[in-house]
Amino acid sequence: DAKTTQPPSMDCAEGRAANLPCNHSTISGNEYVYWYRQIHSQGPQYIIHGLKNNETNEMASLIITEDRKSSTLILPHATLRDTAVYYCIVRVEGAAGNKLTFGGGTRVLVKP
Amino acid sequence: KAGVTQTPRYLIKTRGQQVTLSCSPISGHRSVSWYQQTPGQGLQFLFEYFSETQRNKGNFPGRFSGRQFSNSRSEMNVSTLELGDSALYLCASSLAELAETQYFGPGTRLLVL
């Protein structure tokens, strides 16, 4: 699985959009970008994933650059409950097994 | 639908002892993965089971083992506990072996004294 690079931390104002970047310059053509988050003392929570096209669900939007070397997770209206560590993970979908390789993630603090 | 459950939630053991942790996946899910989370090493993959067979294994010593039962419930065992085994142990379940989404449980926090 390709390696990802994320900023270690970032702050965001409540009610504003939070844009979380992720670099995955060695991503392969069949590797998907996944985002999980972990709120303090809880298990990680799936947010969204994508291959090439931008994706949106009720939690967030995922923007993937055309060359797929980087992506941005957008939380459109951050709330205090979005304070968490966000992990960007690249993995091959359909490969045998469900192993996730977590990096250091980005610690997001949403401030009132 | 009930989520992934893990028991016990908290555990205190002493060095040299062994421990067994349990994970009940979401109903209908057949894949169970285990992870260890520590402040120093972050989240690390331990192993994955599907249909009672170990499919993937991380880089952990043989003291760490697991198994899965026919009802998809899984247990992991750590023998001869060391101080460094103190961690949050997380279980995740997926619908199938190639499923795209994993759902995590709340974890078992193990403290080794």
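Reading guide: rules and limits
Residues numbered from 1 in each chain as written. Chains lettered and ligands numbered in written order. Predicted model: local features only at pLDDT ≥ 70, side-chain atom pairs only at ≥ 80, totals over all residues. Heavy atoms only, no water. Helix = DSSP H or I, 4+ residues; strand = E, 2+ residues; numbered from the N terminus. Buried < 20%, exposed > 50% of the residue type's maximum accessible area, 1.4 Å probe, protein only. Contact = heavy atoms within 4.5 Å. Lys, Arg positive; Asp, Glu negative; His and termini not counted. Charge placed at Lys NZ, Arg CZ, Asp CG, Glu CD. Disulfide = S-S within 2.5 Å.

### Looking at the overall build of chain A
Right, on to step 1. The helix and strand tally for chain A stands at zero helices and nine strands.
Right, on to step 2. Moving toward the C terminus, one meets the helices and strands of chain A in the order β-β-β-β-β-β-β-β-β.
Right, on to step 3. Here the C-alpha coordinates of chain A stretch approximately 40 × 30 × 25 Å along the principal axes.
Right, on to step 4. Taking all 112 residues of chain A together, the buried fraction comes to 44%.
Right, on to step 5. When contacts within chain A are restricted to residue pairs at least 6 apart in sequence, long-range pairs at least 24 apart make up 56% of them.
Right, on to step 6. In chain A, 11 positive and 10 negative side-chain charges are present, and the distance between their average locations comes to 5 Å.

### Description of the state of the cysteines
Right, on to step 1. Scanning the entire structure with this criterion turns up two disulfides over all chains.
Right, on to step 2. Disulfide pairing is shown between A:Cys22 and A:Cys88; the S-S distance is 2.1 Å. Residues A:Cys22 and A:Cys88 are joined through a disulfide that is left-handed, its torsion about the S-S bond being -80 degrees. In this pair, A:Cys22 is assigned in strand β2 (residues 18-23) and A:Cys88 in strand β8 (residues 84-92), connecting sequence segments 66 residues apart. Grouping residues by exposure puts A:Cys22 and A:Cys88 together as buried.
Right, on to step 3. Through a disulfide, B:Cys23 is tied to B:Cys91; the S-S separation comes to 1.7 Å. Measuring handedness by torsion sign, the sulfur bridge of B:Cys23 and B:Cys91 sits at about -50 degrees and is left-handed. You can see B:Cys23 sitting in strand β3 (residues 19-24) and its partner B:Cys91 sitting in strand β9 (residues 87-94), a full 68 residues away along the chain. The pair B:Cys23 / B:Cys91 is uniform in exposure class, with both members buried.

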